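Take a look at the letters that make up each chain.
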Amino acid sequence: MRKFLALSLAALALGVQAQDQKKAFIEVPQWVKDIKLSGYGMVQYQGSDKEGAKENTFNLRLVRASAEARPHKDFYAKVQMQINGNTSEGSSAIRLVDLFGEWQKYKFLMVKAGQFKRPFTFENPMHPITQGFMSYSQNVSKLAGFSDRTGEQASNGRDIGLQLQGDLLPDASGRAWLHYQVGVFNGQGINVKDVDNRKDLIGGLWVMPLEGLRIGAFGWTGSRGTKQADGSVISTPKNRYAFSAEYAKDDWTLRSEYIHSQGYDVAHTKGDKADGLYALCIAPIIKKKLHVKARYDLYRDQKEWGTSKTFYEVGADYVFTKNLQLNIEYARVNERATKSNYNLVDVELDFRF
């Protein structure tokens, strides 16, 4: 009996060992091994001497983490979380900002679905660090879905939908002369379903006649739905267009965009039109290392000069490595609505990991 028990235990042990060895040899798919984890942080100090609203504060502007993968050779996927709140807006919620997949088999036709940047303006899709300044321009922030004048939740320029895009007319070197993008979206911003069952249609087209140069136009028509206490829904219209130009080559960047918007806010406390214009230059002093910069940034919340707010900005940045950068900016701000002029200083340490 003892011998039988001993043999049984030995057989069981061998069976478990064989199962463990089998598990050890289970192959992990290559695309899982190739998942890329990354992120970035932007630590900020800002001070201003605006009368009645003086500021002197440190701030965590952004902290984000993301994962990118290619589950198929023709398919790209990304998920990105914002893991700090926006202290300037009082929101402390950790939130999903990107979740999308894109079929990329053909350069002339790529299909993206999920939650991602709206295809409106050149600046909106840019990374916050490479965008170049202490914030996105006012017209992009107010009219592309960051802190939208319609009252839409802060959505970092993103929405949920489906988009087609592609490059056309390649030259002998393979560089395309024409790019298009068009998408249909809920119109509500990030992480929410459509409310009024009416979709936003957004598109852009630009030409690239020279290396580093692109000139484009964008259009946007749609609405934002707001559910009332009695269950009814109000649709706030959004009809917008933008004209854009950029030259980025040899570490120089020159960019300007004008945006026009028609459509009231939900409470109808503002006029039905707004517009804005910015123009900027980033110039290398030491290539890929030290830059000086300037930006003119105008926004009119009711398309009247009495509602204009203008930033006159100058600054510099120093790139320690590709993953670490220091930025310093000074702005003189003019607010016609409040008849005030004040100074603003911004210092940021940006890092990637």
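Residues numbered from 1 in each chain as written. Predicted model: local features only at pLDDT ≥ 70, side-chain atom pairs only at ≥ 80, totals over all residues. Heavy atoms only, no water.

1. Thoughts on a nonpolar patch on the surface
- A surface patch of nonpolar side chains, amounting to about 600 Å² of accessible area, comprises Val43, Leu60, Tyr318, Phe320, Leu349, Phe351 and Phe353.
- Those elements that place two or more of their residues in the nonpolar patch are β14 (308–321) and β16 (340–352).
- Topologically, Val43 is positioned in strand β1 (residues 36–48).
- On the basis of relative accessibility, which here comes to 35%, the residue Val43 falls in the partly exposed class. (Patch = residues over 30% accessible without salt bridge, like charges linked within 9 Å, V, L, I, M, F, W, Y side chains within 5 Å. Areas by Shrake-Rupley, 256 points an atom, 1.4 Å probe, with all protein chains shown as cover. Salt bridge = Lys/Arg side-chain N within 4 Å of Asp/Glu carboxyl O. Helix = DSSP H or I, 4+ residues; strand = E, 2+ residues; numbered from the N terminus. Buried < 20%, exposed > 50% of the residue type's maximum accessible area, 1.4 Å probe, protein only.)

2. Considerations on the pattern of salt bridges
- One pass over the full model with this rule turns up 20 salt bridges.
- The partner of Asp148 in a salt bridge is Arg240, and the shortest N-O contact between them spans 2.8 Å. A residue pair is termed long-range when its members are at least 10 positions apart, and Asp148 in the loop between α3 (138–143) and β6 (158–170) and Arg240 in strand β10 (residues 233–249) qualify at 92 residues. With respect to class, Asp148 is no different from Arg240; both count as buried.
- Taken together, the shared-partner salt bridges connect Arg118, Glu152, Asp159, Asp200 and Lys238 into one network.

3. Observations regarding empty space enclosed by the protein
- Taken as a whole, this structure holds one cavity of 30 Å³ or more when the rule is applied.
- The calculated volume of the largest cavity comes to roughly 70 Å³.
- Every residue lining the largest cavity is counted, 13 residues in all, and those nearest its centre are Gly132, Phe133, Asn327, Glu348 and Asp350.
- When grouped by side-chain class, the residues that make up the lining of the largest cavity number five nonpolar, three polar and five charged. (1 Å grid on protein atoms, 1.4 Å probe; cavity = no way out; pocket = protein on both sides within 12 Å on 5 of 7 lines; lining within 4 Å. Points joined across faces, edges and corners; volume = space filled by probe spheres on them. Nonpolar A, V, L, I, M, F, W, Y, C, P; charged D, E, K, R; others polar.)

4. Observations concerning the packing of aromatic side chains
- In this structure the tally under the stated criterion is 15 aromatic pairs.
- Ring geometry for Tyr76 versus Phe100: centroids 6.0 Å apart, planes at 50°, classification tilted. Within this pair, whereas Tyr76 is found in strand β3 (residues 75–82), its partner Phe100 is found in strand β4 (residues 95–106), the two being separated by 24 residues in sequence.
- Given a relative accessible area of 16%, Tyr76 falls into the buried group.
- The rings of Phe120, Phe122, Trp206, Phe218 and Trp220 are connected pair by pair, giving a single aromatic cluster.
- Its end group placed over the ring of Phe116, Lys112 keeps NZ or CZ at 4.9 Å from the ring centre. (Phe/Tyr/Trp six-rings, centres within 6.5 Å; stacked < 30°, edge-to-face > 60°. Lys NZ or Arg CZ within 6 Å of the ring centre and 35° of its normal.)

5. Some details on the layout of surface pockets
- Taken as a whole, the second largest pocket holds about 530 Å³ of empty space.
- Sorting the residues of the lining of the second largest pocket by element identifies β10, β11 (252–262), β13 (290–300), β14, β15 (324–335) and β16 as the ones contributing at least two each.

6. Quick word on the pairing of β11
- Here β10 runs beside β11; their pairing, made up of 11 bridges, is antiparallel. Residue pairing in the sheet places Ala245 in a bridge with Ser256 of β11.
- The antiparallel pairing of β10 with β11 creates a hairpin that spans two residues between the two strands, and Asp250 there sits at a positive phi of about 55°.
- The pairing of β11 with strand β12 (residues 273–286) spans 10 bridges and is antiparallel. Paired with His260 across the strands is Asp275, a residue of β12. (Pairing = 2+ DSSP bridges.)

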